[in-house]
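# Structural characterization, general
Take a look at the letters that make up each chain.
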Amino acid sequence: MNGSDREPAGAGKRAGTALITGGTRRIGGAIARALAAAGYDLVLQTRDPATVDPGFLADLGAAGAAVDLVTLDLGDAAALAARIDDLFARRPDIGLVVNNASRFEPDDFASLTPGSFNRHMAVNALAPLMLIQALDRARGADGGAVVNVLDAKLAWPHPDFLSYTLGKATLATITDLAARHYAPRIRVNGVAPGLTLISPFQDEARFAAEKGKLPLGPGLGPGDIADAVVFLAGAAQVTGQVIAVDGGERYLARQHDPSTPLA
């Protein structure tokens, strides 16, 4: 059986263990809740365990999930490389990796620097790639599944948040190439969210106005993204696919990111 390609968990039966980067808040937290409800135990990566809500962890436990917190800075490739195989060795039941964590900071062609580019690429592309490699080393013939969280804006690219966008575009390419390379042992898919949660660069009025433009209305939420992740985790004959969960945002063909003052 290929990693997460399992029947739904029944009473007392768990579906396996999922590693979720950035899995303690926002979209990552919603993914953790959905996978716990689907029968997964969880390994949740965080950069700062002091920020994790104890009530959130209690909710996951109440859903039946065993939860481990792992403190890792995904922006430090050397530190990640030093620990990554040990992480999988200590939890050999990890059969699903959800690469959700990302760095999202504004820059453009005028302001991009080597530092901003490298910081984004480390978290948004290199760390996911390293985790896919580590999953393969750990699982061997047992296989597994990967879901990469991308961005629906890749369907209507623009130069706002340039380093972030380039990192997500690289991750989209990794998704395709890894799906080809690792089949049939590991399935690799992606979910591309649209405007879902308020960013640090918006106020509430601006956020509501931008969500109100979505063709399917303003109802897009983290749970919709999580549902797509759960589907791909168990879709035994799906690989190399990206599901856009964007409320139709791609049809707006925005000229700027909705988080920027220019939009």
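My aim in this report is to walk through the structure given alongside it, one point at a time. (Residues numbered from 1 in each chain as written. Predicted model: local features only at pLDDT ≥ 70, side-chain atom pairs only at ≥ 80, totals over all residues. Heavy atoms only, no water.)

Scanning the protein chain from terminus to terminus reveals seven helices and seven strands. Written out in order from the N terminus, the α and β elements of the protein chain read β-α-β-α-β-α-β-α-β-α-β-α-α-β. The C-alpha atoms of the protein chain give 18 Å as radius of gyration, which agrees with the globular expectation for 263 residues (18 Å, within 12%). Its C-alpha atoms put the protein chain at 50 × 40 × 35 Å along the principal axes. Out of the 263 residues belonging to the protein chain, those deemed buried represent 51%. Here the analysis covers contacts within the protein chain between residues at least 6 apart in sequence; of these, 75% occur between residues at least 24 apart. For the protein chain, the computed accessible surface area is about 11500 Å², with 57% contributed by carbon and sulfur atoms. (Helix = DSSP H or I, 4+ residues; strand = E, 2+ residues; numbered from the N terminus. Rg over C-alpha atoms; globule rule 2.2 N^0.38 Å. Buried < 20%, exposed > 50% of the residue type's maximum accessible area, 1.4 Å probe, protein only. Contact = heavy atoms within 4.5 Å. Areas by Shrake-Rupley, 256 points an atom, 1.4 Å probe, with all protein chains shown as cover.)

Before going further, it helps to spend a moment on helix α5 (residues 162–182). Compared with an ideal rise of 1.5 Å per residue, which puts 21 residues at 30 Å, α5 spans 30 Å between its outermost C-alpha atoms and is within 8% of the ideal. Every buried residue belonging to α5 is among Leu162, Ser163, Tyr164, Thr165, Gly167, Lys168, Leu171, Ile174, Thr175, Ala178, Ala179 and Tyr182, and all of these are buried. Looking at the packing, one finds that the buried side of α5 touches α4 (114–139), β5 (144–149) and β6 (186–193). (Expected span 1.5 Å × (residues − 1).)

It is worth spelling out the packing of aromatic side chains at this point. Applying the stated criterion to the full structure yields four aromatic pairs. For the ring pair Phe104 and Phe161, a centre distance of 4.2 Å and an interplane angle of 5° mean the geometry is stacked. In this pair, Phe104 sits in the loop between β4 (94–99) and α4 while Phe161 sits in the loop between β5 and α5, placing the two residues 57 residues apart along the sequence. When its relative accessible area of 2% is taken as the criterion, Phe161 is described as buried. Feature note: the residues Phe104, Phe161, Tyr164 and Phe201 constitute an aromatic cluster, connected by ring pairs. (Phe/Tyr/Trp six-rings, centres within 6.5 Å; stacked < 30°, edge-to-face > 60°.)

Another point: the sheet that holds β5. Read from one edge to the other, the open sheet built from seven strands follows the order β3-β2-β1-β4-β5-β6-β7, with strand pairing classed as parallel. Looking along the sheet, the strands with just one partner apiece sit at the ends: β3 (67–71) and β7 (242–245). For this sheet, the mean inter-axis angle between neighbouring strands, taken without regard to orientation, is 20°. Strands in contact with helix α1 (residues 26–37) are β1 (16–21), β2 (40–46), β4, β5 and β6; relative to β2, the strand with the most contacts, it is inclined by about 165°. (Pairing = 2+ DSSP bridges. Axes fitted to C-alpha atoms, helices over the stretch in contact; angles between N-to-C directions.)

Bringing the pairing of β2 into the picture now. Walk down a regular strand and you will see the side chains alternate between the two sheet faces. Counting buried residues along β2, seven of its seven residues qualify, which places the element largely inside the surrounding structure. As paired elements, β1 and β2 share six bridges and run parallel to each other. Paired with Gly16 across the two strands is Tyr40, which belongs to β2. Following the chain from β1 across α1 to the adjacent parallel β2, one finds a crossover that is right-handed. In terms of handedness, the path from β2 via helix α2 (residues 54–62) over to β3 forms a crossover that is right-handed. (Right-handed = clockwise from strand over helix to strand, strands pointing away.)

In this structure, the largest pocket encloses a volume near 1200 Å³. Residue lining of the largest pocket: 43 residues in total, with Arg25, Arg26, Ser102, Arg103 and Phe104 positioned closest to the centre. Those elements giving two or more residues to the lining of the largest pocket turn out to be α1, β2 and α5. No other element matches α1, which puts three residues into the lining of the largest pocket. Considering only residue class, the lining of the largest pocket consists of 17 nonpolar, 14 polar and twelve charged. (1 Å grid on protein atoms, 1.4 Å probe; cavity = no way out; pocket = protein on both sides within 12 Å on 5 of 7 lines; lining within 4 Å. Points joined across faces, edges and corners; volume = space filled by probe spheres on them. Nonpolar A, V, L, I, M, F, W, Y, C, P; charged D, E, K, R; others polar.)

Moving on: the pairing of β6. Most of β6 is tucked away: eight of the eight residues are buried. Every second residue of β6 is oriented toward a common face, with Ile186, Val188, Gly190 and Ala192 on one face and Arg187, Asn189, Val191 and Pro193 on the other, all of them buried. After leaving β5, the chain enters α5 and then returns to the sheet as β6, a path that is right-handed. The pairing of β6 with β7 spans four bridges and is parallel. Within β7, the position partnered with Val191 by the bridge is Ile243.

No statement about biological role is implied by the geometric values presented.
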